[in-house]
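Structural overview
Residues per chain are reported as follows:
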Amino acid sequence: MKPVDLSRTLPLHSAFRGLCTAALSSVLLLAANAQALPNDREQPVKVSADNLEANRSKNLSVYSGNVVISQGSLQIRADRVEVHGNAQGEINKVVATGKPAHFQQQVEESTTPVKARAQRIEFLVGSDALQLTGEAFVDRDGNTLSAERIDYDLNSEQMKAQGQSEKKRVEMIWKPEGKTSDNSQ
């Protein structure tokens, strides 16, 4: 699997090439808005996929086949990633799909990465909202949330989860916090 070099893949109009580059940056905004490690945004963006299809008239770029996007501690893995833009070259949303699609990022030094997976991960850029649908799952330090759908507002850090039926209910598991012993009585 070779990295996709946007400058050589298609003879893109310079504005559209900018859209493709901005698309990758928007995917990576997940990291910036979710209290990423300070140096994540300074790291190079790496993209690898089997295919790239870009349509300037639709302001759409589609990466498919073993898509991996990484920057610093951020990693997105999916079967397919769509980047939707508007006529001004601004990104509206980024959609990653897979069986499942994965998102991972370390948000604080000395902690394990936050991991999320779902059949569909949609990032709405304008509202900084993350929507996980289809067997959605989030794990932070062993504390987990699973549901058919999880909506996560990156600005307020509020989550909303819903099950689909009696068999697919919302489930949250919290690990007990370790207690420190105080021997200085």
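Look up a bit, the structure's there.
The rules behind the values
In this convention, every chain numbers its residues from 1, walking through the sequence in written order. A pLDDT threshold of at least 70 governs which residues receive local features in this predicted model, and a stricter bar of 80 or more applies before side-chain atom pairs are shown or counted, although totals over entire chains, interfaces and linings include all residues. Based on all heavy atoms of the structure, the side-chain values leave hydrogens and waters out of the count. Secondary structure elements follow DSSP: runs of H or I no shorter than four residues count as helices, runs of E no shorter than two count as strands, and numbering proceeds from the N terminus. The cut-offs for exposure are 20% and 50% of the maximum accessible area for each residue type, with area from a 1.4 Å probe on protein chains only; residues under the lower value are buried, those over the upper are exposed, and the others partly exposed. The contact rule is simple, with two residues in contact once any of their heavy atoms fall within 4.5 Å. Residue burial considers only the protein chains on display, and all accessible areas are found by Shrake-Rupley using a 1.4 Å probe. Only when DSSP finds a minimum of two bridges between them are two strands counted as paired. By nonpolar core we mean a set of buried residues, namely Ala, Val, Leu, Ile, Met, Phe, Trp, Tyr and Cys, connected to one another through side-chain atoms within 4.5 Å. Here, a salt bridge means any side-chain nitrogen of Lys or Arg that lies within 4 Å of a carboxyl oxygen of Asp or Glu. Only rings of Phe, Tyr and Trp enter the pairing, Trp through its six-membered ring, and a pair is recorded when the two centres are within 6.5 Å. The plane angle decides the type: under 30 degrees is stacked, over 60 is edge-to-face, the rest tilted. Only lysine NZ and arginine CZ atoms are considered, and such an atom sits over a ring when it is within 6 Å of the ring centre and within 35 degrees of the ring normal.

1. A short note on the overall build of the protein
What the protein contains, in helices and strands, is two helices and 10 strands. Scanning the protein from its N terminus toward the C terminus, one meets helices and strands in the order α-α-β-β-β-β-β-β-β-β-β-β. Here the protein, with 185 residues, has 40% of them falling under the buried criterion. Once local pairs closer than 6 in sequence are excluded, the contacts in the protein between residues at least 24 apart make up 42%. As displayed, the protein offers around 11,100 Å² of accessible surface, 45% of which is attributable to carbon and sulfur atoms.

2. Side note on the pairing of strand 4 (residues 74–85)
Here strand 3 (residues 60–71) runs beside strand 4; their pairing, made up of 10 bridges, is antiparallel. By the bridge assignment for strand 4, Y63 is matched with V81. Connecting strand 3 to the antiparallel partner strand 4 that follows it, the hairpin turn spans two residues, and G72 within it adopts a positive phi of roughly 60°. Direction of pairing for strand 4 relative to strand 5 (residues 91–105): antiparallel, over a ladder of nine bridges. Across the sheet, H84 pairs through a bridge with K93, a residue of strand 5.

3. Brief notes about the nonpolar core
Y63, V81, A96, I121, L132 and I150 are the most contacted members of the largest nonpolar core, which totals 29 residues. Counting residues per element, the ones that place at least two in this core are strand 3, strand 4, strand 5, strand 6 (114–124), strand 7 (129–140) and strand 8 (143–153). Beyond its immediate stretch of four places on either side in the chain, A96 contacts I76, A78, R80, V81, A101, Q119, R120 and I121.

4. Brief notes about the pattern of salt bridges
Side chains carrying opposite charge are able to pair once their charged atoms draw close together. One pass over the structure, following the stated rule, counts three salt bridges. E82 is the partner of R80 in a salt bridge, and the nearest nitrogen-oxygen pair spans 3.0 Å. The salt bridge partner of R149 is D151, with a shortest N-O separation of 2.8 Å. Residue D151 is classed as partly exposed on the basis of its relative accessible area, which comes to 22%.

5. Quick word on the environment of P176
Looking at where P176 falls in the secondary structure, it is placed in the segment after strand 10 (171–173). A C-alpha to C-alpha distance of 9.3 Å links P176 and N143, two positions 33 residues apart in sequence.

6. Some details on the packing of aromatic side chains
Under the defined criterion, the tally for this structure stands at zero aromatic pairs. Over the face of the ring belonging to F137 we find R117, whose NZ or CZ atom lies 4.1 Å from the ring centre.

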